[in-house]
Amino acid sequence: MAAMNPQTELRVRTLSIHVVTWNVASAAPPPDLSDLLQLNNLNLNLDVYVIGLQEMNGGIMSLLSDTAFEDPWSSFFMDVLSPLSFVKVSSVRMQGLLLLIFAKYQHLPFIQILSTKSTPTGLFGYWGNKGGVNIFLKFYGYYVSIINCHLPPHMANNDQRLEHFDRILEMQNFEAQDIPNILDHDLILWFGDMNFRIEDFGLHFVRESIKNQCYSDLWEKDQDCWEMGLCLSLQLSIAKRHDPLLREFQEGPLLFPPTYKFDKNSNNYDTSEKKRKPAWTDRILWRLKRQPQAAVHTPTLSAPHFTLFPRSYVSHMLYSISDHKPVTSTFDLELKPLVSAPLITLLPESLCTEESDLLISYSLTADFLSSPWDWIGLYKVYIDISDIPETEDQFLLFYYSNNLHSVVGISKPFKIQPRSFLAEGPLDEAQPQI
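Residues numbered from 1 in each chain as written. Predicted model: local features only at pLDDT ≥ 70, side-chain atom pairs only at ≥ 80, totals over all residues. Heavy atoms only, no water.

1. A look at the overall build of the protein chain
In terms of regular secondary structure, the protein chain is built from nine helices and 20 strands. Relative to its full complement of 434 residues, the protein chain shows a buried share of 48%. Of all intrachain contacts in the protein chain linking residues separated by at least 6 positions in sequence, the fraction that spans at least 24 positions is 66%. (Helix = DSSP H or I, 4+ residues; strand = E, 2+ residues; numbered from the N terminus. Buried < 20%, exposed > 50% of the residue type's maximum accessible area, 1.4 Å probe, protein only. Contact = heavy atoms within 4.5 Å.)

2. Comments concerning the packing of aromatic side chains
A full pass over the atoms with the stated rule returns 18 aromatic pairs. Ring geometry for Phe165 and Phe249: centres 5.7 Å apart, planes at 85 degrees, overall edge-to-face. With Phe165 in helix H5 (residues 158-170) and Phe249 in the loop between helix H9 (244-247) and strand S11 (282-288), this pair connects stretches of sequence that are 84 residues apart. Taken together, the ring pairs in this structure connect Trp22, Trp73, Phe76, Phe77 and Tyr319 into an aromatic cluster. (Phe/Tyr/Trp six-rings, centres within 6.5 Å; stacked < 30°, edge-to-face > 60°.)

3. Topic: H5
With 13 residues, H5 extends 18 Å between its outermost C-alpha atoms, agreeing within 8% with the 18 Å of an ideal straight helix rising 1.5 Å per residue. Within the sequence span of H5, burial applies to Asn158, Arg161, Leu162, His164, Phe165, Ile168 and Leu169. Seen along its axis, H5 keeps its buried residues to an arc of 160 degrees; they face one direction. Exposed positions of H5 whose direction lies more than 90 degrees from the buried face are Asp159 and Glu170. (Expected span 1.5 Å × (residues − 1). Arc of directions from axis to C-beta.)

4. Considering the sheet that holds strand S3 (residues 86-94)
If you trace the six strands from one edge of the open sheet to the other, you get S3-S4-S2-S1-S13-S12, paired in mixed fashion. Every other strand in the sheet has two partners, leaving S3 and strand S12 (306-315) as the edge strands with one partner each. Adjacent strand axes in the sheet meet at a mean angle of 15 degrees when their direction is disregarded. Taken together, the six bridges between strand S2 (residues 48-54) and strand S4 (residues 97-104) define a ladder with antiparallel strand orientation. Bridging across to S4, Tyr49 finds its partner in Phe102. Here helix H4 (residues 72-81) sits on the sheet and contacts strand S1 (13-23), S2, S3 and S4; the angle it forms with S4, its principal contact strand, is near 15 degrees. (Pairing = 2+ DSSP bridges. Axes fitted to C-alpha atoms, helices over the stretch in contact; angles between N-to-C directions.)

5. So, the pattern of salt bridges
On inspection of all chains with the given rule, the structure shows seven salt bridges. A salt bridge links Lys261 to Asp323; the shortest N-O distance between them is 3.0 Å. Taken together, the positions of Lys261 in the loop between H9 and S11 and Asp323 in the loop between S12 and strand S13 (327-335) put the pair 62 residues apart, joining distant regions of the chain. With relative accessibility at 15%, the residue Lys261 sits in the buried group. (Salt bridge = Lys/Arg side-chain N within 4 Å of Asp/Glu carboxyl O.)

6. A look at the nonpolar core
In this structure, Phe139, Ile146 and Leu189 are the most contacted members of the largest nonpolar core, which totals 45 residues. Ranked by size, the runner-up nonpolar core spans 21 residues in total, among them Leu46, Phe76, Leu98 and Tyr319. (Core = buried A, V, L, I, M, F, W, Y, C linked by side-chain atoms within 4.5 Å.)

7. What about the environment of Val80?
Relative to the helices and strands, Val80 resides in helix H4. Classification of Val80 by relative accessible area gives partly exposed; the value is 23%. Between the alpha carbons of Val80 and Leu37 there is a distance of 9.4 Å; along the sequence they are 43 residues apart. What Val80 contacts, discounting residues up to four positions off in sequence, is Leu37 and Leu39.

Dropping the structure here:
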């Protein structure tokens, strides 16, 4: 991409990312997801949504239908987010696992999808009811890996959970030689139904602690309790002593009640005969790239500015369609963009009307490799009504690169005037109306 000039290089941007994880237990989307997506939070100006679902309806007929048409959850999120200027950047599905990324359209030229991958770990690695789905991308020049997973259930299977965690990570290899190893990516976002449980404490103690909001009493016995990147439970801390990589993943504080297991259509923990113990099964973790240590006599090189700050980490008790409650985390990502301009600059050259063809001019950067299969699309978009009159339709031009599998250029919003915009002049020539 284009090189940066010194003035642009110093500018630090703050982008807001909202991450959602939810085991939906084969349920259809509820009528309203405003709370989950924080649509009514006036203090948030989100740039990216990362949405991971587990246990989507994986029946044969459902999978066949979702292959031919968009699945109901993807369609629902698109219908909700499109009017807010979000575009679906990428998605990947493996049976009941679904990962979606939406971004404000102005970020699209700076997002390059590198790869999507599915890693099954169920039935000796051949069945996708458990495992992970991943999207790897470059975001303003930085490498970002996003993983949605569903690990094995049940209290006794903690070793198996850790084994699947490592297997998913080990399988993230890339055919392209210029893509670094996942451990050298600038950011890994890893979330999903990790199925870690609370050990030792009895059901009554756990429920009383939840009732009195004494969550700290349970943290030390949570099989995956992370505080400042360190695990407090005996079982996992022993594993971490032998696995430094595991220690590098961080998590926000668990200040919300355990998100599993609930009676469906209620906020009551399991009242069935099994009376499963509540647990924080649904988690959101992240890992920033390690910075190399300078030698004693070597001046320290300033690393590119790329820092993640968690703003919130909460569950959403409002939703009861599943035996899990959804969990979300909002992050502020501070970065110095490593790219200064899109690879393609698009501009409509003349007044656009419904009757006339649209003439487009575009320019390419010197390092852009075009393809005969590249294409330019015209899209009707929704813009905040505070920016334009409600009655005016806005359009965008997108340049899609077949080689990069990404949008690499986008125009500014413009209008296509309706037929009524033109009036006949005295010489029967079309004249613009003032």
